[in-house]
Each structure stands twice: as structure tokens, then as C-alpha cells.
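In case you want the letters, here they are:
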Amino acid sequence: MVNRKFWILLLVLISTLAVAFACGGGDDDDDDDDDDDDDDGPGTGEPGVLHGFVRDFQTKVEVNNAFVEAVDDETGESFDPPITATTDSSGEVSFEIPEGNDYVGVLVTKDGSMDTIQFHFEVGLANEEFLLINEGTRDLMLLSLGLDMDYSKAVVAGGVYWGDPTDENAVGCSMVTFDPDDGADVHYFGPDALPNAARHIDGATPANGQGTLEAYAQADNHALSYYVSINKDPQPNVNLLATVFDEAANGTEENAKQEDNIIPMLYANTATIVNVYFDKSDYPENPTPGWCTE
């Protein structure tokens, strides 16, 4: 039974990665000149409206018939009355947000996928990306890490970038930590766009098994900035910190660059997507350290 399950999951993995690399994630170049509306990156939309597309976390393919809800950005609670919509065949959705809410969270649900939530979407922007983690992708991550899912716990995943949500450039070899620390391990992705149990980042040594920076050409240029932490405690007000160390031989914060992102709430059996940004106004160059080569 174990061997049969392994080979089934392996076949699913091969098929999934083939779709990911063949189909890409919409507009993978940097020109934003494609004619399709969903190929352009986030930009200015209608005042009081949040517009975007639901996409699969792994393949970046648009997801139809997904139930989407805009929630309070500080608490994660539903508005009264709830603000909901269902994606069309192109994965598109838009919400009219009540006055006084500059930012909102977005919760996406669909049969066969984990409930997936993201916070801090700016109201008035268009072409945002709302991600959904398929249960198959979750199971592949668990398999690659040798873990079992505790459905009373939470999952946190995302990336570390130089820029902002409209201009994301992968930052390699950053260390992700949480405050408070509940003891759940943080795992980092390799060039195959799956978490690699052998890859460790502690500021004292290069990230084992990372692959070269040239491998960014795979997985939408972002795979090596991805992290995931599984079986985390559901709790409010968790601070996620991304640290980039200047020296591979010196893991002290005095020789580091650090940015964070506050997570309003972690929910049981729910994936929370959290990205951290090193803003270009504060960092003239990508902070990926020069030693980040393996």
C-alpha cells in the first residue's frame, strides 16, 4: 500500500510540474504588455473596489468556481453582511468594499483545496492575485518533507521579495522566523518548486541544496524565495520576519537586513499566504547575499 501511494503521488508530482513549467503563471516576462487583462500585474483600479484573479499556488493557473470572501484585514472576520463572490471561468472576481477599509483580507475556498487566506490587499487595486493551495499540492509538500498534516493546525507559506506586490523580485537565502515561535519548522523550496528538507538557512552557512541563482528561470522566477511552515499553532497577531545575512560565516543580526509582516490570524486547517518585501526605496539593490550560490 505504501509503495502504491508513493508511485501515485510521484506521477501526480511529475504531471503537476509539467503543467507548471509548460503553462507558466500568466505573464512571466517583465513587460506587462500582453493583451489579456489577467496578464498585467496589479495596478490602479476603481476606487472602493478590489479586483483580481484566483490562481493555483503551484501552477498559477486560474481557478474557476472558487468561493471568495473579502474579510476584515485586522481580524480576519467576515464583514456584516459578508462580502462574497464566485470566480468565473477565467478565475476573475471583484468586490465593492465598504468605506473606511483601506486594506482587506481575501479567503478562497473550493472543494479539493485547502481554505487559503491572504491579508493586506489594498482596496482600489486591480489584477491582484488570490492564491489557492490544492490538496494535491499540500500532500506533495508533506510527502517531500516526510510530514503528516495535523488538521487542527495551520499552514503558512509565501515568498520573500525585493520590491512590492506590483514588482516582485525573488530574494534568495533569506531566513524566515516567527514571533511567537511555536516550534514548527520552516522549510525552503528548491528549483523544483517544492520544499526541500535538506535546505537549511541559519545565517552561518549557505543554504544547502538551494541550487544556483540561475535556477530562478524555473517556477516563475520565484521558487527559491519560497518557504512553508506546516502544523503551526492557530493564534492571532503572529509576526513573520525575513532576515538576510551579509556574511555566510556570521549569523548575527548586527550583520543582517530584516523586514517583517504581521499576520492578523492563523486558522486551523487553513493555509495563510504571507509575503515579505524588501522595499526598493530602502534597498537600492536586491539584498540576496553574494554567498547565496548553492
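Note that the structure is a prediction, hence the values are computed from the model and not measured.

*Asks:* Could you give me a rundown of the pairing of strand β7 (residues 115-122), with the residues and numbers involved?
*Replies:* Where strand β6 (residues 103-109) and β7 come together, five bridges link them in antiparallel fashion. Across the sheet, the residue bridging to Val 104 is Phe 121, located in β7. In this antiparallel pair of consecutive strands, β6 and β7, the connection spans five residues, and Gly 112 shows a positive phi of 85°. The sheet contact formed by β7 and strand β18 (residues 270-273) spans four bridges and is parallel. What sits directly across from Ile 117, in β18, is Thr 272.

*Asks:* An account of the environment of Val 63 is requested, with residue identities and associated values reported.
*Replies:* On the secondary structure map, Val 63 appears in the loop between β2 (49-56) and β3 (67-72). Classification of Val 63 as buried rests on a relative accessible area of 11%. When the C-alpha positions of Val 63 and Phe 130 are compared, they lie 9.8 Å apart, and in sequence the two are 67 residues distant. If sequence neighbours within four positions are ignored, Val 63 has contacts with Val 54, Arg 55, Asp 56, Thr 87, Asp 88, Gly 91, Lys 110 and Leu 132.

*Asks:* Can you break down the nonpolar core residue by residue, with the values?
*Replies:* Ranked by internal contacts, the top residues of the largest apolar core, which has 25 residues, are Val 156, Val 176, Phe 178, Tyr 227, Leu 240, Ile 263 and Phe 278. For this core, the secondary-structure elements that each account for two or more residues are β7, β10 (154-164), β12 (175-179), β13 (186-189), β16 (236-245) and β19 (276-278). Sorting elements by how many residues they give to this core places β16 first, with five residues. Apart from residues no more than four positions distant in its own chain, Tyr 227 is found in contact with Val 156, Ala 157, Gly 158, Gly 159, Val 176, Phe 178, Val 186, His 187, Tyr 188, Phe 189, Leu 240 and Val 274.

*Asks:* Could you give me a rundown of the sheet that holds β2, with the residues and numbers involved?
*Replies:* Pairing is mixed in the open sheet, where three strands are placed in the order β5-β2-β9. Only two strands of the sheet have a single neighbouring strand rather than two, namely β5 (92-96) and β9 (128-132). Going across the sheet, the axis of each strand differs from the next one's by a mean of 35°, ignoring polarity. Where β2 meets β9, five bridges bridge the pair, whose relative direction is parallel. Bridging across to β9, Val 54 finds its partner in Phe 130.

Thresholds, definitions, all that
Residues numbered from 1 in each chain as written. Predicted model: local features only at pLDDT ≥ 70, side-chain atom pairs only at ≥ 80, totals over all residues. Heavy atoms only, no water. Pairing = 2+ DSSP bridges. Helix = DSSP H or I, 4+ residues; strand = E, 2+ residues; numbered from the N terminus. Buried < 20%, exposed > 50% of the residue type's maximum accessible area, 1.4 Å probe, protein only. Contact = heavy atoms within 4.5 Å. Core = buried A, V, L, I, M, F, W, Y, C linked by side-chain atoms within 4.5 Å. Axes fitted to C-alpha atoms, helices over the stretch in contact; angles between N-to-C directions.

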